[in-house]
Amino acid sequence: MLNTEILLTIKLNQTLFVDPKRVRLLKEIQKCNSINQAAKNAKVSYKSAWDHLEAMNQISPKPLLERNVGGKNGGGTVLTTYAERLLQLYDLLEQTQDKAFAILKDESIPLDNLLTATARFSLQSSARNQLFGKVSKLTIDGVRCWVEIQINGLGQPLVASITEKSAVRLKLFLGKEVMVMIKAPWVKTQREEPEDKLNHFKSTVSSILDKGDVEEIELSLNNEMDFCATCLKSENVKLNETRWLYIDPEQIVLATL
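The notes below deal with the structure included here. What you are looking at is a predicted structure, and each value in this text was computed from that prediction instead of being measured.

**Let's talk about helix H3 (residues 46-59)**
Point 1. Between its terminal C-alpha atoms H3 stretches 21 Å, which fits the 20 Å expected from 14 residues at 1.5 Å a residue.
Point 2. All buried positions along H3 are accounted for by Ala49, Leu53 and Met56. When H3 is viewed along its axis, its buried side chains cluster within an angular range of 60° and face the same direction. Relative to its buried face, H3 has exposed residues pointing more than 90 degrees away, namely Lys47 and Gln58.
Point 3. Buried residues in H3 make contact with strand E2 (15-18), helix H1 (20-32), helix H2 (35-41) and strand E3 (65-68).

**Topic: the sheet that holds strand E11 (residues 214-221)**
Point 1. Overall, antiparallel pairing links the five strands, which are arranged E9-E13-E10-E11-E12 in an open sheet. Two strands close off the open sheet at either side, each with one partner strand: strand E9 (187-190) and strand E12 (225-232). Taking each pair of neighbouring strands and ignoring which way they run, the sheet shows an average axis angle of 45°.
Point 2. Sheet analysis places strand E10 (residues 200-211) next to strand E13 (residues 242-247), joined by five bridges and oriented antiparallel. Note that in E13 the partner of Ser203 across the bridge is Arg243.

**Remarks on the nonpolar core**
Point 1. Ranked by internal contacts, the top residues of the largest apolar core, which has 31 residues, are Leu158, Leu172, Val180, Phe227 and Leu254.
Point 2. At four residues, the largest contribution of residues to this core is made by E12.
Point 3. If we ignore the near neighbours within four places in the chain, the residues touching Leu158 are Leu131, Val147, Glu148, Ile149, Ile151, Val180, Ile182, Asn199, Phe201, Ile247 and Ile252.

**Digging into the pattern of salt bridges**
Point 1. Summed over the entire model, instances satisfying the criterion amount to nine salt bridges.
Point 2. One salt bridge in this structure joins Glu218 and Arg128, with 3.7 Å as the shortest N-O distance. Residue Glu218 is located in strand E11, and its partner Arg128 is located in the loop between helix H5 (114-121) and strand E5 (129-141); the two are separated by 90 residues in the primary sequence.
Point 3. On the basis of relative accessibility, which here comes to 44%, the residue Arg128 falls in the partly exposed class.
Point 4. The partner of Glu241 in a salt bridge is Arg243, and the shortest N-O contact between them spans 3.3 Å.

The rules behind the values
- Residues numbered from 1 in each chain as written.
- Predicted model: local features only at pLDDT ≥ 70, side-chain atom pairs only at ≥ 80, totals over all residues.
- Heavy atoms only, no water.
- Helix = DSSP H or I, 4+ residues; strand = E, 2+ residues; numbered from the N terminus.
- Expected span 1.5 Å × (residues − 1).
- Buried < 20%, exposed > 50% of the residue type's maximum accessible area, 1.4 Å probe, protein only.
- Arc of directions from axis to C-beta.
- Contact = heavy atoms within 4.5 Å.
- Pairing = 2+ DSSP bridges.
- Axes fitted to C-alpha atoms, helices over the stretch in contact; angles between N-to-C directions.
- Core = buried A, V, L, I, M, F, W, Y, C linked by side-chain atoms within 4.5 Å.
- Salt bridge = Lys/Arg side-chain N within 4 Å of Asp/Glu carboxyl O.

Below, the structure is given as structure tokens:
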């Protein structure tokens, strides 16, 4: 097993702002409210600690330290809210780096698509059906926005109906990458082609799993894409039979970066 170490460095205006040593120093100040003690804990000289802090403060958009005069502990140096948020951000970036490197060995995850890669190693969802595509058309109809999404493997665009406010909040535009989430119960199936022209696709039942009162079925579309659906046992679904699946545009959840 490889022991991977990724060291994160942040520069501002091409000048070093934050690195692991400086982060450790800030964290020690956060713990003990003293530059002198923080330097000892971080195993650097007081002068070196002061030089690092001075260099950071000179290029920081906001102050990193403030003097806490008096009080029951006799005062000291504390981190500003900005510095505390900086440490939180640094920790988040380190976690993101570790997860990003972990997906390198999974060749099924494309690394030329930021949304797809981010969703695969960061986003967890209860929705069984997760698809990725690009917005191909936007239509405003009163307070609703109809979003057509082009997805590889589907013969026609998938259409989602969301509020206009949601479309604005997601900053949707033609060509924008989106993640589509559809829960299994929202995927309806039947033997006859639905009359609704939106979001119905011809598929083949590839697996059936008994879940007590219901069955969980996998539906294959031209061996290029699979959907997961649930249905009642009374529907008498058969393995390898052809069924039409239908998805209500209002039961599609969109996510994007």
